[in-house]
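# Structural overview
Chain by chain, the residues run as shown.
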Amino acid sequence: MGVLLCGALLLALVCQSHSVRDPLNRFKRFQEAPWSDPNECSRLRQPVIQSNSHNLTLDIRMPGVIPAASDTYLCMAVPVPTQREAFIVDFVPHATMDTAHHMLLYGCRTPVSTKGYWDCGTEQGTCEDEAKIMYAWARNAPPTKLPRDVGFKVGGDTRITHFVLQIHYGDVGAFRDHHRDCSGLTLTMTSKPQPFIAGMYLMMSVDTVILPGKRVTNADIACPYESYPMHPFAFRTHTHRLGQAVSGYRVRDGKWTLIGRQSPQLPQAFYPASSSVTVDYGDTLAARCVFTGEGKTSKTRIGGTSEDEMCNFYIMYYMESKHAVPYMDCMDHGASDLFRNIPPEANAPIPVPQDHMMMNMMHAGVHGTDHQDDSALLEPKRAEEDGLDQGAHLEEVAEWPEAPLQLGQVSGLAMDPNDNLLIFHRGDHTWGRRSFDNQGRYLERSFGPIRQPTILVVDPAKGKVLQASGRNMFYLPHGITTDKDNNYWVTDVALHQVMKLSGDGKDKPLVVLGEAFEPGSDEHHFCKPTDVAVDPVTGNVYVSDGYCNSRILKFSPDGTYLKQWGAGYTDSRKRLPFQIPHSLVFLPDRRELCVADRENGRIQCFLAETGEFIKEIKKEEFGGEVFAVAYAPEQGGLIYAVNGESLSGASAPLRGFVVNYSTKEILDTFSPDSQEFKMPHDIVVSRDGSVFVADVDTNSVIKFVPGGKAEHRSVKKGGIEVAEIEEEETIVQAILKPLHKVSPHVAMPAVQRPPVVVVSLKHLDQQNHLDQQNHLDQQKQLTPQQQPQKPVPAVEPHKQVEPHKQEKEKEKEKESESAVRQGVSPGLITTLLLIPLVMVLAVGVFIRWRKARMYGDGYEEKLEPNSSGGILGKLRGKAAGSLNLGNFFATHKGYTRQGFDRLSTEGSDQEKDDEDATDSENEEYSAPPLPPIASSSSKSP
């Protein structure tokens, strides 16, 4: 009777547990579905990782495909992993342009197929209903992060129940080794409702014709905005090979405000909007694409193949959730006279660095066979791999230089085109309190110029002097840089001049800007200019001026004055001008100029072409002063900086910093071990990652190289404290085995302890084996007296008791056996059987309680590590309208090209560059903390 009762209760429990509504049930069914094409990419598939009760990551990847022809579009659909509303807060691409030309993510209710993948370059398209673009990637673009409290809404009442991943494979030659592609992306999602909803506004030309041989053709798009306010925070441009620049604006009362401008030949990322712009009802959104028909022999039209062109300007924005309409579009030409007043910058092509152009040409043609490493194409480079080097801590090279350098005050450093180190120093001159009067005039002119060579070319490996120049030319050297022709551009604060010198060591200036010993603030005079930066493409020269003036000046390569500008403003309530713009660096991959604004303790970056303010990096760790700044394009962009002592009393330890350009996160801090920084004055980084710091107070140059693992620090992103991961914590990326090989009856254990650590089964097996082997090896090394007592199985507890108690235990066992032979009461048997049953019921109740906690309405806060910073001020927003991109081109008048029907807004140009998709170039679109009150310091040198 008891056995029957137990069986009935167990059956009821099983039935009841299957009847519980699981919000992730649809997702689990997707997990159990086998791959349509098992292959070497299967091990990368990790569809969902539930990090806690309200956050998960969804991995969407192609299931090992081999496109049959160039310009092939392949799609696959994945269900949204919950029926309730959820919010995408992060996108991480896993692709390389060597394989995939572009990648798009759509959201819809009814994809063309839900099984495997399909050719969506035919009339099938992507979705049966309205396809909404949620993400776009091309040309090794870096990851895109959303601002804090902002997310793309899916599930629930959004009519987005499926994601459709579309990948355009431009050049089938990448698959000549018959490898299978598993490109895709990872989404981070949260169930916590976001106060601001992200959206995409697409501006697209549909009928532009580029005439052959015509130098410039403009494609213009403009639409009135007729909804509630929206807040653009990022933009993206897209054309094919003929596009030279794409610019987008808000037009209000005749005034054009730049949203974003970029060359579509650079990595097509979502870059941060140029300024904090709000688009209100009655404004106009306008965009222009600049094309050239030079070299073409026939007309080029809008289309989706490599012989066509495209003109797209994406605006990523956010709106208040109660008013948000997250998908809008514009394809009109606008009023005929509107573009007469477009800013002149929109008509200027954006130069692309020569290395990008060479790489584009190489990829546009036939791939070479002698130097091509096909193994690199087997799998797309994962973003997780790109960030591994970010953990390298910079350590001093104590034995550098091998022989002492005879230096005075070292004021400037640079690397020449051969990656040799340039040192600019003051010899026997020093900058003291009596060097200048109140008007900035140099008072020690009678001492004459510095007789020693002031410019040393040094071997960066050993510190050996290779060349010396600059005798009898300078009084108080300050900044130095080089151009692509290995000319030296230098500043002298005593002369109030900027000079261009030949790199061959001849002590004769080629260009001189400013009047000797005459300070001033007009177009032809400087007052203690501090540094120079040179655009490697155009040759334009930028000067930071300086100790007296608070401005940046721009000159042509021959020294013709072009323009000037002052500081950018992150907060209109506290407009802080430059307070000693002390150091400059040109960012060639971004076409930007960054300034170390010394006494304001910040780094500000501007569009080099226009002087438009881009962003500010200001950290408490800087302590109120930033003396110098350098840049390396590796890992998506790294800013190197050194701080200094502040007269305001807000000083911090003197050290160097490595900062992620996109996220503004401090990745590493460093300082010498053999001495202390006294006044680190300049910093430069070589191509191999070596960093050199000039200390003006100790007359020395200190070399650092990547060494041990950097410690993770608690930093602030945009004023929001971010929880950092301690070094001793172990975070393991999940790599699940192919799900079709796992029996559906095997229950996978859930990890309850936050932060969640999901480990592959194979990794656990290997680790357990290693642990057991290490344990055996240790036992073999012990003497018999030292060896630990052999563990006793739990089924034999009597072997662990004392000898006199073992006899009692044996007697009890015999009595029990005798009682069983003679027959035990049914009540006792039932009671013994009910004990494990009660335990099972308790576990079931606990599981139901956990599910209620996980999927109930009481959500907690958004996953903090993937947040990007604070919201841009007090936000409000509303919008309307959407575009069915899946059906537009199939029905558009005059458009019949196959490969673009009912497809995306992207196409193929088969042009690529050598930028790797990295984690480090993720953009942080958030407001930095408010700058502190500026000090009145004007200290030197």
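These remarks concern the structure in this document. Since the model is a prediction, treat every value here as computed from it, not as a measurement. (Residues numbered from 1 in each chain as written. Predicted model: local features only at pLDDT ≥ 70, side-chain atom pairs only at ≥ 80, totals over all residues. Heavy atoms only, no water.)

## A closer look at the state of the cysteines
Covalent bonding between the sulfur atoms of two cysteines is what defines a disulfide. Considering all chains together, one arrives at six disulfides under this definition. In this model Cys108 forms its disulfide with Cys127; the gap between the sulfur atoms is 2.2 Å. Disulfide Cys108-Cys127: the torsion about the S-S bond is -75°, which places it as left-handed. Of this pair, Cys108 sits in strand E5 (residues 102-108) while Cys127 sits in the loop between strand E6 (117-119) and strand E7 (132-138), placing them 19 residues apart in sequence. Classification of Cys108 by relative accessible area gives buried; the value is 1%. A relative accessible area of 0% means that Cys127 is categorised as buried. Here Cys289 is linked by a disulfide to Cys311, with a sulfur-sulfur distance of 2.0 Å. Negative torsions about the S-S bond denote left-handed disulfides, and the value of about 85° found for Cys289 with Cys311 makes this one right-handed. With a gap of 22 residues between them, Cys289 in strand E19 (residues 284-291) and Cys311 in the loop between strand E20 (300-301) and strand E21 (312-320) connect regions that are remote in the sequence. Cys289 gets classed as buried once you look at its relative accessible area, which sits at 0%. Residue classification places Cys311 among the buried residues on the basis of a relative accessible area of 0%. For the protein chain, the bonded cysteines pair up as 1-3, 2-4, 5-8, 6-7, 9-10, 11-12 when numbered in the order they occur along the sequence. (Disulfide = S-S within 2.5 Å. Helix = DSSP H or I, 4+ residues; strand = E, 2+ residues; numbered from the N terminus. Buried < 20%, exposed > 50% of the residue type's maximum accessible area, 1.4 Å probe, protein only.)

## Regarding the pairing of E21
With nine of nine residues buried, E21 lies mostly within the body of the structure. Judged from the nine bridges that link them, strand E12 (residues 196-204) and E21 form a sheet pairing that is antiparallel. Looking across to E21, one finds that Met200 is bridged to Met316. Here strand E15 (residues 231-238) pairs with E21 via seven bridges, running antiparallel. Pairing of Arg236 across the sheet is with Tyr314, part of E21. (Pairing = 2+ DSSP bridges.)

## Here's the deal with the environment of Leu338
Within the element layout of this structure, Leu338 appears in the loop between strand E22 (327-330) and helix H3 (354-364). With relative accessibility at 16%, the residue Leu338 sits in the buried group. Taking the C-alpha atoms as reference, Leu338 lies 8.6 Å from Ala222; in sequence the two are 116 residues apart. Among all residues touching Leu338, those that are not within four sequence positions of it are Ala222, Val251, Trp256, Thr284 and Ala286. (Contact = heavy atoms within 4.5 Å.)

## Side note on the nonpolar core
Phe163, Leu187, Met189 and Tyr201 are the most contacted members of the largest nonpolar core, which has 89 residues in total. With sequence-adjacent residues up to four places away left out, Tyr201 is seen in contact with Cys223, Tyr225, Met230, Leu285, Phe313, Tyr314, Ile315, Tyr317, Met328, Asp329 and Cys330. Core analysis: the next-biggest nonpolar cluster, separate from the first, contains 29 residues, Phe339, Ile614, Val659 and Tyr661 among them. (Core = buried A, V, L, I, M, F, W, Y, C linked by side-chain atoms within 4.5 Å.)

## Re the pattern of salt bridges
Pairing between side chains becomes possible if they bear opposite charge and their charged atoms approach one another. Taken as a whole and judged by the stated rule, the model has 13 salt bridges. For Glu85, the salt bridge goes to Lys153, with nearest N and O atoms at 3.2 Å. You can see Glu85 sitting in the loop between strand E3 (72-79) and strand E4 (86-94) and its partner Lys153 sitting in strand E9 (residues 150-154), a full 68 residues away along the chain. Put simply, Lys153 and Asp157 hold a salt bridge, and the shortest N to O gap is 3.6 Å. Residue class for Lys153 comes out partly exposed when judged on its relative accessible area of 25%. The exposure class assigned to Asp157 is exposed, which follows from its relative accessible area of 63%. When salt bridges that share partners are traced, they join Glu85, Lys153 and Asp157 into one network. (Salt bridge = Lys/Arg side-chain N within 4 Å of Asp/Glu carboxyl O.)

## Digging into the sheet that holds strand E41 (residues 638-643)
Strand order in this open sheet of four strands is E40-E41-E42-E43, and the pairing throughout is antiparallel. The open sheet has two free edges, formed respectively by strand E40 (626-632) and strand E43 (666-670), since each of these has just one partner strand. Recorded for the sheet is a direction-independent mean angle of 20° between the axes of neighbouring strands. Judged from the six bridges that link them, E40 and E41 form a sheet pairing that is antiparallel. Looking at the pairing, Ala630 lines up with Tyr640 of E41. (Axes fitted to C-alpha atoms, helices over the stretch in contact; angles between N-to-C directions.)

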